[in-house]
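# What the coordinates show
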Amino acid sequence: MGVLDSVKQRAYEKRCYTMHLTIQLSIRLPMKYKLSSLSPAQITGIIFLSVAAIMFVYHSILAAAIAFLYIIICVVASFFPRSNFYLPVISRGKTGRSLVALTFDDGPALPTTTQIMDLLDKYSVKATFFVSGVNALSYPEIIREIIARGHTIGNHSFHHDPFVMLKSYHYLYQEIAGAQEVLRKMGIQTLAFRPPVGIINPKLSPILNKLEMFCVTFSCRAFDAGNRRVKNIGSKILKKVKGDDIILLHDVLPHSGEDSVILLSEIESILQGLMIKGLKIVPLSDLIGRELMKVE
Ligand SMILES: [Zn+2]
């Protein structure tokens, strides 16, 4: 066999191997798992990696660039709390009506959560509180009060670690299951999980499936940095809010007493402003048409 034949033979073998990989990725995987059960992230991955495998025969650098582009898409998608790239995410209602839901994250905290509930009572409004396991352990009496006043509770992880989504499957599982366990001991089974700082990653889907939970994010927020920037959150929300929005606010203690006064005044301005705009505040479960928790 001449040198030319040997080169041709190696090129042929490389093509055969690449075709084998392509078949594995693009045909066998969907048949095994059913295309409809795959997430957009998995489908995109199959397409990108299949193209990269084919391109590898002709241009290995271009193939690497295509694979790298897929990694970039995955990373960027993590930072969009309304993205369904990795799993079905509920970020707004589908009623088509002038209805919105209020949600408060990161608590419970004293006295903010109680003060906010007093305000909600004044306007006969029910909200959802996405609590952390640590804070629920610190203030079990507020958790009971949230339920007694007719509001609902969601799971916002145990420690509210902002980097939880960058860590292992086991760590993320412990964070969600740990908060579930704290609430379960108080007779509450939450069904909705909201990821800390709105970052979503591929590990979340199997964990929520295992715990029989679903992911709820939001569609309207004031970027208050967890009540570190409370000034004008009312006008920021009212400027952009529309029907079916899930509004994100926080009930953690602001940095100063003055900020606490501002926070309550801003929340009251939101309650009044929504009424003026003709937007009715309904419980989150009504807006999304799904039960959020079970209470024993
Ligand atoms: Zn949070």
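Residues numbered from 1 in each chain as written. Predicted model: local features only at pLDDT ≥ 70, side-chain atom pairs only at ≥ 80, totals over all residues.

## Description of the packing of helix α9 (residues 233-240) against helix α10 (residues 257-276)
Stated precisely, the cut-off is as follows: Fitting a line to C-alpha atoms yields each axis, with helices limited to the stretch in contact; the angle taken between N-to-C directions then spans 0 to 180 degrees. What counts as a helix is a DSSP run of H or I of at least four residues, what counts as a strand is a run of E of at least two, and both are numbered from the N terminus. Each angle is binned into one of four classes, with values under 35 degrees roughly parallel, values over 145 roughly antiparallel, values of 65 to 115 roughly perpendicular, and all other values oblique. The handedness criterion is simple: a crossing whose near helix is rotated anticlockwise from the far helix by less than a right angle is left-handed, and one whose near helix is rotated clockwise is right-handed. Residue pairs are scored as contacts if the distance between their C-beta atoms, which are placed from the backbone, is within 7 Å. Each residue receives one of three labels: charged for Asp, Glu, Lys and Arg, nonpolar for Ala, Val, Leu, Ile, Met, Phe, Trp, Tyr, Cys and Pro, and polar for the others, Gly being one of them.
Packing of α9 against α10 leaves a shortest axis separation of 8 Å and a crossing angle of 25°. With respect to α10, the axis of α9 lies roughly parallel. Regarding α9 and α10, the two cross each other, and that crossing is right-handed. Residue-level contacts link Ile233, Gly234, Ile237 and Leu238 of α9 to Glu266, Ser269, Ile270 and Gly273 of α10. Along the lines of polarity and charge, the residues of the contact of α9 with α10 split into four nonpolar, three polar and one charged.

## Digging into the pairing of strand β4 (residues 152-155)
Selection rule: As a rule, residues whose C-beta atom has 12 or fewer other C-beta atoms within 10 Å are exposed, those with 20 or more are buried, and those in between are partly exposed; C-beta atoms are placed from the backbone. When DSSP finds at least two bridges between two strands, those strands are taken to pair.
The alternating pattern of β4 places Thr152 and Gly154 and Ile153 and Asn155 on opposite faces, both of which are buried. The pairing of strand β3 (residues 128-131) with β4 spans four bridges and is parallel. Residue pairing in the sheet places Val131 in a bridge with Asn155 of β4.

## Considerations on α9
An α-helix turns once every 3.6 residues. As a result, residues three or four positions apart point the same way. The cut-off we apply is this: For this quantity, the arc is that covered by the directions from the helix axis to the C-beta atoms.
By the burial criterion, the buried members of α9 are Ile233, Gly234 and Ile237. What you see down the axis of α9 is that its buried residues fit within an arc of 100°, all on one side. Counted as exposed and oriented over 90 degrees from the buried face of α9: Lys239 and Lys240. Residues of α9 that are buried in the fold lie against β8 (220-221), β9 (246-250) and α10.

## Re the packing of helix α2 (residues 40-58) against helix α3 (residues 60-78)
Interaxial distance between α2 and α3 falls to 7 Å at its minimum, and their mutual angle equals 165°. Between α2 and α3, the angle falls in the class roughly antiparallel. In this structure, α2 meets α3 at a crossing whose hand is left-handed. Residues Ala41, Thr44, Gly45, Phe48, Leu49, Val51, Ala52, Met55 and Phe56 of α2 lie in contact with α3, whose contacting residues are Ser60, Leu62, Ala63, Ile66, Ala67, Leu69, Tyr70, Ile73, Cys74 and Ala77. By residue class, the composition of the contact of α2 with α3 is 16 nonpolar, three polar and no charged.

## Brief notes about the nonpolar core
Formally: We call a set of buried Ala, Val, Leu, Ile, Met, Phe, Trp, Tyr and Cys residues a nonpolar core when their C-beta atoms link them within 7 Å.
Grouped together as the largest cluster of nonpolar side chains are 59 residues, with contacts concentrated most on Ala101, Cys215 and Ile247. In terms of residue count, the dominant contributor to this core is helix α7 (residues 169-184) (five residues). Leave out the neighbours within four places in its chain, and Ala101 touches Gly93, Thr128, Ile246, Ile247, Ile281, Val282, Pro283, Leu284 and Leu287.

## As for the environment of Asp105
Tracing the sequence through the fold places Asp105 in strand β2 (residues 99-105). Residue class for Asp105 comes out buried when judged on the 25 C-beta atoms lying within 10 Å of it. A sequence separation of 26 residues divides Asp105 from Val131, and the C-alpha atoms of the two residues are 6.1 Å apart. Excluding its chain neighbours within four sequence positions, the residues that come into contact with Asp105 are Phe130, His156, Arg194, Leu248 and His250.

## Quick word on the environment of Thr103
Mapped onto the elements of the fold, Thr103 is located in strand β2. Looking at Thr103, the number of C-beta atoms within 10 Å reads 25, which means it is buried. Expressed as a C-alpha distance, the spacing of Thr103 and Pro283, which sit 180 residues apart in the sequence, is 9.1 Å. Ignoring anything within four residues of it in the chain, the contact list for Thr103 reads Ala127, Thr128, Phe130, Phe218, Ile246, Ile247, Leu248, Leu249 and Leu284.

## Here we look at the pairing of β9
In plain terms, the rule: For a crossover, the right-handed case is the one in which the path from the first strand over the helix to the second runs clockwise, viewed with the strands pointing away from the viewer.
Of all five residues in β9, five are buried, a share of seventy percent or more. Of the two faces of β9, the one carrying Ile246, Leu248 and His250 and the one carrying Ile247 and Leu249 are both buried. Bridging between β2 and β9 involves five bridges; their strand directions are parallel. Of the residues in β9, the one forming a bridge with Leu102 is Ile247. As paired strands, β8 and β9 are joined by two bridges and run parallel to one another. Of the residues in β9, the one forming a bridge with Cys220 is Ile247. Handedness of the β-α-β unit built from β8, α9 and β9 comes out right-handed.

## Considerations on helix α4 (residues 112-122)
For α4, the complete set of buried residues consists of Thr112, Thr113, Ile116, Met117 and Leu120. Seen along its axis, α4 keeps its buried residues to an arc of 130°; they face one direction. Along α4, the residues that are exposed and aim more than 90 degrees away from the buried face are Asp118 and Lys122. Packing partners of the buried residues in α4 comprise β2, α6 (140-148) and α10. Trailing α4 by a residue or two, Ser124 shows a phi angle of about 50°, which is positive.

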